[in-house]
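Each chain, letter by letter, is given below.
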Amino acid sequence: MLGLLIADKDLESRKQMADMFVEAGYNVMVTSSAANALAGILRKTAQVVLLGSEFDDLPAVDLIPLLKKCNRKLTIILVSDEVPLPQMRKARREGIFYHALKPSGAEDREEIRQAVQCAFASIINNREVRNNS
């Protein structure tokens with residue numbers, strides 16, 4: 001089963017997103033710890049990560065290369081407040097799938113839900129292409 005990891009230091013944000021994705025039927029794990037995030041990625045229990053702007057006092061853009069080294073096929077959706085342009089460029093170079101601002105209402109949460117849905121669809125399509133090759 002495909003897994004979704006929500007890695008964010010903000011407890012309320014983690015809870016809101018976890019509730020939304022559990023209700024939608026996803027296999028959801030949550031953490032505020034970089035070590036736990038890495039463990040989930042190394043065990044390949046998470047294929048998509050919703051990554052908050054910072055956790056364990058480290059900016060997310062500094063963690064993205066490490067997460068990608070653990071699993072180069074990992075799909076990362078950065079969910080953050082305003083990110084300075086140089087950091088955003090770095091995150092894109094490192095291979096994030098999508099960037100969304102932290103949700104402040106139902107419309108913002110819908111954007112993230114659609115990004116996650118698209119990320120999983122992309123993973124499934126890539127598997128089918130590889131299997132048919």
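See the structure shown above.
Residues numbered from 1 in each chain as written. Predicted model: local features only at pLDDT ≥ 70, side-chain atom pairs only at ≥ 80, totals over all residues. Heavy atoms only, no water.

Caption draft 1: Seen up close, the packing of helix α3 (residues 60-70) against helix α4 (residues 85-94). Taken N-terminus to C-terminus, the directions of α3 and α4 make an angle of 5°; their axes are 9 Å apart at the nearest point. On the basis of the axis angle, α3 is roughly parallel to α4. Where α3 abuts α4, its residues Val 61, Asp 62, Ile 64, Pro 65 and Lys 68 lie against Gln 87, Lys 90, Ala 91 and Glu 94. Partitioned by chemical class, the residues of the contact of α3 with α4 number 4 nonpolar, 1 polar and 4 charged. (Axes fitted to C-alpha atoms, helices over the stretch in contact; angles between N-to-C directions. Helix = DSSP H or I, 4+ residues; strand = E, 2+ residues; numbered from the N terminus. Parallel < 35°, antiparallel > 145°, perpendicular 65-115°, else oblique. Contact = heavy atoms within 4.5 Å. Nonpolar A, V, L, I, M, F, W, Y, C, P; charged D, E, K, R; others polar.)

Caption draft 2: Local environment of the pattern of salt bridges. Per the counting criterion, the structure on display carries 6 salt bridges. Taking the shortest distance from any N to any O, the salt bridge between Lys 102 and Asp 8 comes out at 2.8 Å. Here the residue Lys 102 occupies a position in the loop between β7 (98-101) and α5 (106-132), and Asp 8 occupies one in the loop between β1 (3-7) and α1 (11-23), the gap between them amounting to 94 residues. Taking relative accessible area as the criterion, Asp 8 reaches 3% and is therefore assigned buried. Lys 15 is the salt-bridge partner of Asp 19, the closest N and O atoms lying 2.9 Å from each other. Remark: Lys 15 and Asp 19 occur in helix α1; sequence separation between them is 4 residues, near one turn of the helix. A relative accessible area of 42% means that Asp 19 is categorised as partly exposed. A relative accessible area of 46% means that Lys 15 is categorised as partly exposed. (Salt bridge = Lys/Arg side-chain N within 4 Å of Asp/Glu carboxyl O. Buried < 20%, exposed > 50% of the residue type's maximum accessible area, 1.4 Å probe, protein only.)

Caption draft 3: Seen up close, the pairing of β7. The pairing of strand β6 (residues 75-80) with β7 spans 4 bridges and is classified as parallel. Bridge pairing in β7 places Ser 80 opposite Leu 101. Between the parallel pair β6 and β7, the chain is carried across by α4, and the sense of this crossover is right-handed. (Pairing = 2+ DSSP bridges. Right-handed = clockwise from strand over helix to strand, strands pointing away.)

Caption draft 4: Quick look at the side chain of Ser 33. Looking at where Ser 33 falls in the secondary structure, it is placed in the loop between β2 (27-31) and α2 (34-42). Given a relative accessible area of 17%, Ser 33 falls into the buried group. A distance of 3.2 Å separates a polar atom in the side chain of Ser 33 from the backbone nitrogen of Asn 36. Filtering out sequence-adjacent residues up to four positions away, Ser 33 remains in contact with Phe 55 and Asp 56. (Polar contact = N/O pair within 3.5 Å; in protein donor to acceptor, adjacent residues only side chain to side chain.)

Caption draft 5: Geometry of the sheet that holds β6. If you trace the 5 strands from one edge of the open sheet to the other, you get β2-β1-β3-β6-β7, paired in parallel fashion. Of all the strands in the sheet, just β2 and β7 have a single pairing partner and so form its edges. Going across the sheet, the axis of each strand differs from the next one's by a mean of 20°, ignoring polarity.

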